[in-house]
Amino acid sequence: MPAMHFVVCWPDGSKETCYSPSTAIEKYLLVNHPYALNEFVQVTTRALDEASERVNAKFGYYCSSAQDQSAAIVQKAAQFSPEQRVTVEKITPITA
């Protein structure tokens, strides 16, 4: 199952490379689309939950890294106002 990185540009201009254990993230996020902060949190939570479910279906356990990433996004988002915008700058497979 190919893991992915997605680069997020937060409202303050800081950039963060985030992790998804599967390509599920590509179904949910659009590159260079400005998301309202609350929408971004909802979408990434759903995407990372699905990614963790895929890991569980394949290996028999949920992906703690996906759950940790989801929690980190929620925590970072709490620093900003809900109306502020977040952009995903790129989504790329993680190569070995």
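Our subject in this report is the structure included herewith. The structure displayed is predicted, hence computed values, not measured ones.

Parameters and conventions
Residues numbered from 1 in each chain as written. Predicted model: local features only at pLDDT ≥ 70, side-chain atom pairs only at ≥ 80, totals over all residues. Heavy atoms only, no water. Pairing = 2+ DSSP bridges. Helix = DSSP H or I, 4+ residues; strand = E, 2+ residues; numbered from the N terminus. Buried < 20%, exposed > 50% of the residue type's maximum accessible area, 1.4 Å probe, protein only. Polar contact = N/O pair within 3.5 Å; in protein donor to acceptor, adjacent residues only side chain to side chain. Contact = heavy atoms within 4.5 Å. Axes fitted to C-alpha atoms, helices over the stretch in contact; angles between N-to-C directions. Parallel < 35°, antiparallel > 145°, perpendicular 65-115°, else oblique. Nonpolar A, V, L, I, M, F, W, Y, C, P; charged D, E, K, R; others polar. Core = buried A, V, L, I, M, F, W, Y, C linked by side-chain atoms within 4.5 Å.

**Comments concerning the pairing of strand E4 (residues 85–93)**
Alignment of strand E1 (residues 4–9) against E4, held across six bridges, turns out to be antiparallel. Its bridge partner lying in E4, Val7 is registered against Lys90. In this sheet, E4 lies alongside strand E3 (residues 34–36) in antiparallel orientation, the contact comprising three bridges. Counted as the bridge partner of Pro34 is Thr87 from E4.

**Let's talk about the side chain of Thr44**
Mapping Thr44 onto the fold places it in helix H2 (residues 37–59). What makes Thr44 buried here is its relative accessible area of 1%. Engagement of the side chain of Thr44 in a polar contact is seen with the backbone oxygen of Phe40, the distance being 2.9 Å. Those residues in contact with Thr44, other than ones at most four positions away along the chain, are Phe6, Leu29 and Ile73.

**Details of the packing of H2 against helix H3 (residues 64–77)**
Orientation of H2 relative to H3, taken along the N-to-C sense of each, is 175 degrees, at an axis distance of 9 Å. Between H2 and H3, the crossing angle belongs to the class labelled roughly antiparallel. Residues Leu37, Phe40, Val41, Thr44, Thr45, Leu48 and Ser52 of H2 pack against Ala66, Gln67, Gln69, Ser70, Ile73, Val74 and Ala77 of H3. Classifying every residue of the contact of H2 with H3 by side-chain character gives eight nonpolar, six polar and no charged.

**Some points on the environment of Ala36**
On the secondary structure map, Ala36 appears in strand E3. Given a relative accessible area of 15%, Ala36 falls into the buried group. In this view, Ala36 contacts Pro82, Gln84 and Arg85; residues no more than four positions away in its chain are not counted.

**Digging into the nonpolar core**
With 23 residues, the main nonpolar core has Phe6, Trp10, Leu29, Phe40 and Ile73 as its most contacted residues. Where this core is concerned, the elements lending two or more residues are E1, H2, H3 and E4. In this structure, Trp10 is in contact with Glu16, Leu37, Phe40, Ile73, Lys76, Ala77, Phe80, Arg85 and Val86, ignoring residues within four places of it in sequence.

Purely geometric stuff here, so don't read any function into it on its own.
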